[in-house]
Amino acid sequence: MALIAIASAKGAPGVTVTSLALTLAWPRSVILAECDPAGGTIQAGYLAGQLTADRGLARLAIAERHGRLDADVGAQLVDLGVDSQQHHRWLLPGVTDPAQAGSVTPAMWTRLGGYLAGLEDSDPAFDAIADCGRIPALNAPIGLIYHAEVVLLVVERTMQSISSARPRVLMLQRELEQHGVGVLRLLVRGRGPYSSKEIAEQLQVPVLADLPHDERTARILTSGDGTPRQNADLLRAARSMQEPLDQLIQGRREAAVELTEAGRAQ
């Protein structure tokens, strides 16, 4: 596949839990990049501080300034384990202090996005998922989002979340149309009075998937207090996202090829 970016609007938390659930349920080898400028939380949370904070985005920013980003990514990854099918899962930890986010320049976000998007052609091949936090934000990874095949905006079933998402939808659609390669879709999560159909109509963006309210699994993914069950509602929902994502990306690529060939034939 390619690079999937996940973001939220103000009032719609849950991007890290969603990104981590998708990574743990993913049926292929995958890298999860914590690109939230507010700071990464997976090492201190899900991994329960078992690893020292000596790897990640801040160190990669130093390597990038010396032209070594591609060569140094592997040294900054944390192993999240291998599943029964020998699919590898890795974490690129985010900054540990929001003050460090300023060291990650717009140019680095763009180069990192290109690197992650290119992993599908590497040997071995990897997909990539980027936790981009809230958009917009100071030092937000906009250049990385330009390389994403699909940008998923997390929206809750409340009027506050829908209202907060509306200007973000317009911004992301504009940025993707002018600079990006991908398309915007919604992830609807949580409880509330509004259905996915109503939210899609309000925001004029299709919903890719509904994520169930699974407090137990979300708590484990946030705090590392236990091991999430593979048949938990949240992981099953995350696993089911793979097929529509693949179909969406493949369909867009085939349409692009057809358009190019039609242009050459004229």
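Located above this text is the structure these notes cover.
The notes below deal with the structure included here.

What counts and how
Every chain begins its residue count from 1, and numbering advances along the sequence as written. Local features are withheld for residues below a pLDDT of 70 in this predicted model, meaning they are given only at 70 or higher, and side-chain atom pairs are given and counted only at 80 or more; totals for whole chains, interfaces and linings count all residues. Heavy atoms from the whole structure form the basis of all side-chain values; hydrogens and water molecules are not counted. Strand pairing is defined by DSSP finding a minimum of two bridges between the two strands. By the criteria applied, helices consist of DSSP H or I runs no shorter than four residues and strands consist of E runs no shorter than two, each listed in order from the N terminus. Here, axes are lines fitted to C-alpha atoms. For helices the fit covers the stretch in contact, and angles between N-to-C directions go from 0 to 180 degrees. When checking whether two residues touch, look at their non-hydrogen atoms; a contact exists if any pair is within 4.5 Å. In this text, buried Ala, Val, Leu, Ile, Met, Phe, Trp, Tyr and Cys residues form a nonpolar core when linked through side-chain atoms within 4.5 Å. Exposure categories follow from relative accessible area, calculated using a 1.4 Å probe and restricted to protein chains: below 20% of the type maximum is buried, above 50% is exposed, and the middle band is partly exposed. Polar contact is the term for a pair of N or O atoms within 3.5 Å; when the atoms are in protein, one must be able to donate a hydrogen and the other to accept it, and sequence-neighboring residues count only if both atoms are side-chain atoms.

**Some details on the sheet that holds strand β4 (residues 88–92)**
1) Next: Pairing within the open sheet is mixed, and its 8 strands lie in the order β3-β4-β2-β5-β1-β6-β7-β8. One side of each edge strand has no neighbouring strand; the edge strands of this open sheet are β3 (78–82) and β8 (207–211). Across the sheet, the mean angle from the axis of one strand to that of its neighbour is 20°, orientation sign disregarded.
2) Next: When strand β1 (residues 3–8) meets strand β5 (residues 127–134), the two strands line up parallel, connected through 5 bridges. Looking at the pairing, alanine 5 lines up with alanine 130 of β5.
3) Next: Lying over the sheet, helix α6 (residues 159–179) contacts β6 (150–156) and β7 (183–189), oriented at roughly 170° with respect to β6.

**Side note on the nonpolar core**
1) Next: Leu57, Leu112, Leu144 and Leu153 are the most contacted members of the largest nonpolar core, which totals 46 residues.
2) Next: Broken down by element, the residue count for this core peaks at 6 residues, all from α6.
3) Next: The contact partners of leucine 153, leaving out residues within four places of it in the chain, are Ala7, Ser8, Ala9, Ala165, Arg168, Val169, Leu172, Leu184, Arg185, Leu186 and Leu187.
4) Next: With 38 residues, the next largest nonpolar core counts Ile4, Val15, Val183 and Ala209 among its residues.

**Topic: the side chain of aspartate 127**
1) Next: Mapped onto the secondary structure, aspartate 127 falls in strand β5.
2) Next: The buried category is assigned to aspartate 127, whose relative accessible area is 3%.
3) Next: A polar side-chain atom of aspartate 127 sits 2.7 Å from a polar atom in the side chain of tryptophan 26.
4) Next: Residues in contact with aspartate 127, not counting those within four places in the same chain, are Met1, Ala2, Trp26, Arg28, Ser29, Val30 and Ile31.

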